[in-house]
Amino acid sequence: MSSKKIENNVDVNDAQRNVWLVKVPRYLSDIWRQNHGQFVGELDVWTDSQGRTQCRLTNQAKFKQEEGNTESNSNKNETIVQDPDIIPLKKPRYTTLFPPNAIPVEHKFEIRSVKDQTMFLLNEDKAHLAENKNLYSGKLSIQGKIAKRAEIQPPPNKVYMNMKIHQIKETAIPKRTAILLNDDYKEKLKPLAKHEFMLNRDKIKKEKGKAYRMEKDVLQTEIFKCFELHQYYYLKDLAKKLDQPQNYIQEILNDIAEHISQPPHKGMWQLKSEYRSYADE
């Protein structure tokens, strides 16, 4: 039952086709991706005297020149004598993996057998899904069986070593760096004993003058006036409105009001029933 289900969902017509699994350096894969559909190089395959398969890749891909280059730049590039071992390339803006001017041309293949492993190349085609390609799975097909594993190795020459040094330096640059500020910024960023909001608060206190405690009867009368405007109050709101300490106001509220511990007015105060002049809601 399960085998029929797999055959109906995965195309296995090319399952017996032998393919190679090749590990490509990142800088080469980026160049080839940029030159997709174009001629990127030549692959030479031969058998040596001992019957072993040998391969050599000659890369001929170039970076695409940016639009807007002047004629002087093009003439300058034409007069440069190119080294046969390297291809001058222009560093693109979107990556820092490439050296400023060149990459190696000839690359060596290291071929390995895969006798101890069974691997297949699985492809998913989502061309027919259009806008829904991120929502649904595409058509699955096996493109072939991995017969050989190979690794592309650049030549250990001075050009490649300079390229790796440049790559390591680029990736080692921290995203955040410390800079030395000049005297103007030092004055602005110095810590302040009092900020602007603190100065404004002190100014308001001076204008109002020192707050004194009201007489208990006077404060009780003022609290009644507040409850004539609103039925419920928080303790902190009464203290702010009357400019009196919260503990002092709470002493009076304990005699004339009750604290609500249930929603919807949890944490607020209202007058006791004998002091109310309105009906309960």
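Rules used in this analysis
All residue numbers refer to positions counted from 1 along the written sequence of the respective chain. Whole-chain, interface and lining totals are the exception, using all residues; otherwise, since this is a predicted model, local features are given only for residues with pLDDT of at least 70 and side-chain atom pairs are given and counted only at 80 or more. Side-chain metrics rest on all non-hydrogen atoms present in the structure, leaving aside hydrogens and water. Helix and strand assignments follow DSSP, with helices taken as H or I runs no shorter than four residues and strands as E runs no shorter than two, numbered in order from the N terminus. Note on contacts: a residue pair is in contact if any heavy atoms of the two residues lie within 4.5 Å. Residue-level accessible areas treat just the shown protein chains as cover; the underlying method is Shrake-Rupley with a 1.4 Å probe. Axes, fitted as lines to C-alpha atoms, cover a helix only where it is in contact. Angles between the N-to-C directions of the axes lie from 0 to 180 degrees. To sort the angles, those under 35 degrees are grouped as roughly parallel, those over 145 as roughly antiparallel, those from 65 to 115 as roughly perpendicular, and the leftovers as oblique. Each crossing gets its hand from how the near helix is turned against the far one by less than a right angle, where anticlockwise is left-handed and clockwise is right-handed. Gly falls in the polar group here, along with every residue not listed as nonpolar (Ala, Val, Leu, Ile, Met, Phe, Trp, Tyr, Cys, Pro) or charged (Asp, Glu, Lys, Arg). By salt bridge we mean one thing: a side-chain nitrogen of Lys or Arg within 4 Å of a carboxyl oxygen of Asp or Glu. The rule is simple: take the accessible area with a 1.4 Å probe, protein chains only, and divide by the maximum for that residue type; under 20% is buried, over 50% is exposed, in between is partly exposed. In a helix, the anticipated span is given by 1.5 Å times the number of residues less one. Within this analysis, the arc is defined by the directions that extend from the helix axis to the C-beta atoms. Aromatic contacts are taken between Phe, Tyr and Trp rings whose centres are within 6.5 Å, Trp giving its six-membered ring; a plane angle under 30 degrees counts as stacked, one over 60 as edge-to-face, and the others as tilted. Placement of a charge over a ring requires the Lys NZ or Arg CZ to be within 6 Å of the ring centre, with the centre-to-atom vector within 35 degrees of the ring normal.

## What about the overall build of the chain?
- Of regular secondary structure, the chain possesses 9 helices and 11 strands.
- Residue pairs in contact within the chain that sit at least 24 positions apart in sequence constitute 61% of those at least 6 positions apart.
- A total accessible area of about 22,100 Å² is found for the chain, and carbon and sulfur atoms account for 50% of it.

## Structural notes on the packing of helix α7 (residues 216-229) against helix α9 (residues 246-256)
- It is at 10 Å that the axes of α7 and α9 come closest, and there the two elements cross at 70°. Here α7 is positioned roughly perpendicular relative to α9, judged by the angle of their axes. In this structure, α7 crosses over α9, and the sense of that crossing is right-handed. Every residue of α9 that contacts α7 at K216, L219, Q220, I223, F224 and F227 is listed here: Y248, I249, I252, L253, D255 and I256.
- For the contact of α7 with α9, the class distribution of residues is 9 nonpolar, 1 polar and 2 charged.

## With respect to the pattern of salt bridges
- For the structure on display, the rule yields 5 salt bridges.
- Between E124 and K126 there is a salt bridge, with its nearest N and O atoms 3.9 Å apart.
- By relative accessible area, E124 is classed as partly exposed at 38%.
- K126 sits in the partly exposed class, given a relative accessible area of 31%.
- E258 is paired through a salt bridge with R276; the nearest N and O atoms lie 2.8 Å apart. On the criterion of sequence distance, the pair formed by E258 in strand β10 (residues 257-259) and R276 in the segment after β11 (269-271) is long-range, its members being 18 residues apart.
- Given the relative accessible area of 16%, R276 is considered buried.

## Digging into α7
- The end-to-end C-alpha distance of α7, which contains 14 residues, comes to 21 Å, matching closely the 20 Å that a straight helix rising 1.5 Å per residue would cover.
- For α7, every residue scored as buried is listed here: L219, I223, C226 and F227. Down the axis of α7, the buried side of the element spans an arc of 95°, and every buried residue falls inside it. Turned more than 90 degrees from where α7 packs its buried face, D217, E228 and L229 sit exposed.

## With respect to the packing of aromatic side chains
- Counted by the stated rule, this structure contains 2 aromatic pairs.
- Aromatic pair F224 and Y275: ring centres 5.6 Å apart, planes at 40°, arrangement tilted. Residue F224 is found in helix α7, and its partner Y275 is found in the segment after β11; the two are separated by 51 residues along the sequence.
- The class for Y275 is partly exposed, based on a relative accessible area of 36%.
- Taking 5.4 Å as the distance between ring centres and 85° as the angle between the ring planes, the aromatic pair formed by F227 and Y233 counts as edge-to-face.
- Residue classification places Y233 among the buried residues on the basis of a relative accessible area of 7%.
- When the ring centre of Y248 is taken as reference, the NZ or CZ atom of R213 above it lies at 4.6 Å.

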